[in-house]
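Spelled out, the chains give:
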Amino acid sequence: MESQKPKKVVARGLIGVIADDSEISTVGIGKGLNYRGYNIEDLAHGCIFEEVLYLLLFKELPTRDQLKDFQEKIAENRYIPAKLAEVIELVPKDSHPMDLMRTVASFLGTIEPETEENDQFTISIRLSAIFGPCLFYWYHFHKSGKRIEVDTHKSDTIAKNIVRLLKNDGKEPDELLVKTMEVSLILYAEHDFNASAYNARVTASTLSDFYSGITSAIGTLRGPLHGGANEAAIRFIKQFKTKEEAEAKLYEMYKEKKLVMGFGHRIYKNGDPRSDIIKGYSKKLTETEHGRPDLFEISERIENIMMSEKKMHPNLDFYSASAYYQLGLPVDFFTPIFVVSRTSGWAAHIIEQRSKNKLIRPASNYIGPEPKEFTVLDMRSKI
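Residues numbered from 1 in each chain as written. Predicted model: local features only at pLDDT ≥ 70, side-chain atom pairs only at ≥ 80, totals over all residues. Heavy atoms only, no water.

**A look at the overall build of the chain**
We apply this condition: Secondary structure elements are defined from DSSP: runs of H or I of at least 4 residues count as helices, runs of E of at least 2 residues count as strands, and each element is numbered from the N terminus. Within these notes, the globule rule equals 2.2 Å times the number of residues to the 0.38 power, and the radius of gyration is based on C-alpha atoms. Working definition: with a 1.4 Å probe on protein chains only, accessible area under 20% of the residue-type maximum means buried, over 50% means exposed, and in between means partly exposed. Residues count as neighbours in contact if any of their non-hydrogen atoms are within 4.5 Å of one another. We count Lys and Arg on the positive side and Asp and Glu on the negative side, and we leave His and both chain ends out. Every charge is mapped to an atom, namely NZ of Lys, CZ of Arg, CG of Asp or CD of Glu.
Within the chain one finds 16 helices and three strands. For 383 residues, the compact-globule estimate of 2.2 N^0.38 gives 21 Å, and the C-alpha radius of gyration of the chain, at 23 Å, lies within 12% of that figure. Relative to its full complement of 383 residues, the chain shows a buried share of 50%. Here the analysis covers contacts within the chain between residues at least 6 apart in sequence; of these, 75% occur between residues at least 24 apart. The average position of the 52 basic charges and that of the 54 acidic charges among the side chains of the chain differ by 6 Å.

And the structure:
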């Protein structure tokens with residue numbers, strides 16, 4: 001009797017597949033999320049983003065002197081070369097800003113290519129420093145025709161530089177707005193083998209250049225099931241004028257089995273540890289000049305119903321939506337800000353992949369037709 005071949009186990013979406021070892025982050029273990037052993041709550045409440053960027057790149061938190069030198073290096077790398085500025089101005093104003101971010105990464109790789117001197121660490125710092133300035137240079141150029149000065153105060157953190165360039169009003173940025181942005185960048189910085197990080201590793205595994213890995217990741221993050229979720233969440237929340245209206249719509253969606261963006265997570269089953277942190281800042285922002293307590297209250301009603309009816313927790317994207325909106329960020333900029341943050345994690349993954357590289361090439365379970373007899377073109381039926 002002919003022995004049967006064992007049935008292949010297909011893991012669609014690579015669910016449950018352990019693809020490699022990593023020293024970068026833990027997701028769903030211990031307190032929920034750690035970057036190189038440090039808990040996300042401690043990092044969010046006790047660090048500026050540059051400390052976390054340094055940690056992800058160099059595997060340890062910086063000393064005061066190391067942080068000072070690191071911040072100076074970041075400030076030096078905010079400038080936009082003339083050739084890149086020309087390209088930015090050519091990106092149509094009605095393009096999605098994620099197209100701009102992808103273009104910046106790709107074009108910068110042609111004028112500042114990876115070399116022995118311009119190595120992966122140098123490029124990581126350059127991209128982390130320049131992505132925000134490029135985004136707001138493009139924004140103000142098409143909004144008002146102004147070519148803004150992006151090289152702000154040397155002491156500005158990446159978060160403060162973003163808020164300063166967003167407002168572009170010559171005033172000192174509000175501390176709460178800067179702190180909210182700071183915390184947001186830390187929370188979004190890294191998340192294990194997420195879709196975009198893994199795509200960056202796939203690209204790196206072919207021995208492609210650093211910029212190609214980042215560009216691959218940006219393209220992956222552009223999708224609404226990954227980076228675009230916070231944009232979808234605020235568009236959903238904004239449509240309601242009252243909590244009661246939101247509640248009625250939710251029950252209608254339940255009946256139609258529609259997805260509510262910003263809830264649930266493949267890894268976290270008992271809640272995303274980042275959600276309550278950003279929720280706290282979203283609530284604080286309701287008390288500012290441009291705060292929207294109505295949006296926050298509607299968001300809370302949606303959260304309560306989703307918990308009671310579906311036992312689904314909000315993920316980071318849900319309250320980031322109302323926080324970003326109250327910061328004054330255009331909705332289409334939510335995911336590009338994610339890029340500014342997650343470049344740190346992508347860089348860490350590319351560096352780690354290169355350190356112990358093996359080409360990533362999974363197999364498929366073929367379910368197509370059995371072998372067929374080939375027929376030359378003139379003998380094929382026209383039916």
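**As for the packing of helix 4 (residues 82-90) against helix 6 (residues 120-144)**
Rules: The convention used is that axes are lines fitted to C-alpha atoms, helices contributing only their stretch in contact, and that angles between N-to-C directions extend from 0 to 180 degrees. Note on angle classes: values under 35 degrees are labelled roughly parallel, values over 145 roughly antiparallel, values of 65 to 115 roughly perpendicular, and the remainder oblique. A clockwise turn of the near helix away from the far one marks a right-handed crossing, whereas an anticlockwise turn of less than a right angle marks a left-handed crossing.
Between helix 4 and helix 6, whose axes approach to 9 Å, the crossing angle comes to 50 degrees. In terms of orientation, helix 4 and helix 6 fall into the oblique class. Handedness of the helix 4/helix 6 crossing: right-handed. Where helix 4 abuts helix 6, its residues Leu84, Ala85, Ile88 and Glu89 lie against Ile130, Cys134, Tyr137, Trp138, Phe141 and His142.

**Examining the domain arrangement of the chain**
Let me state the cut-off plainly: Residue ranges assigned to each domain were obtained from an automatic or database domain assignment. Simply put, the buried area is the total loss of 1.4 Å probe accessible area from both parts when two parts are fitted together. Whenever Lys or Arg places a side-chain nitrogen within 4 Å of a carboxyl oxygen from Asp or Glu, that contact is recorded as a salt bridge. Any pair of N or O atoms that falls within 3.5 Å is considered a polar contact. Within protein, one atom must be able to donate a hydrogen and the other to accept it, and sequence-neighbouring residues count only if both atoms are side-chain atoms. Polarity classes work like this: nonpolar for Ala, Val, Leu, Ile, Met, Phe, Trp, Tyr, Cys and Pro, charged for Asp, Glu, Lys and Arg, and polar for all others, with Gly in that last group.
Taken domain by domain, the chain consists of domain 1 (39-222) and domain 2 (229-326). For domain 1 and domain 2, the distance between their C-alpha centres works out to 27 Å. Of all residues in domain 1, Leu187, Tyr188 and His191 bury the most surface against domain 2, accounting for 39% of the area lost on that side. In this structure, the connection of domain 1 to domain 2 is made through zero salt bridges. On the surface where domain 1 and domain 2 come into contact, there are six residue pairs in polar contact (both at pLDDT 80 or more). Among the elements of the structure, helix 1 (40-46) and helix 8 (175-188) are those that each provide at least two residues to the side of domain 1 that touches domain 2. Residue contributions to the side of domain 1 that touches domain 2 peak at nine residues, all from helix 8. Among the residues making up the side of domain 1 that touches domain 2, the classes are represented as eight nonpolar, five polar and two charged.

**A closer look at the UniProt feature "active site" (unreviewed entry) in the chain**
Our working rule: UniProt positions are given in the numbering used here, feature names are shortened, and annotations may be inferred rather than shown by experiment. Two kinds of site are reported from a 1 Å grid over the protein atoms alone, namely cavities, where a 1.4 Å probe fits but cannot get out, and pockets, open sets with protein on both sides within 12 Å along at least five of seven lines, and residues are called lining when an atom falls within 4 Å of a point.
Per the UniProt annotation, the sites labelled "active site" (unreviewed entry) are His265 and Asp317. Spanning 53 residues, the named residues form one tight spatial group whose C-alpha atoms are at most 10.6 Å apart. Of the annotated positions mentioned, His265 and Asp317 line the largest pocket. Structurally, histidine 265 can be placed in the loop between helix 12 (243-255) and helix 13 (275-285).

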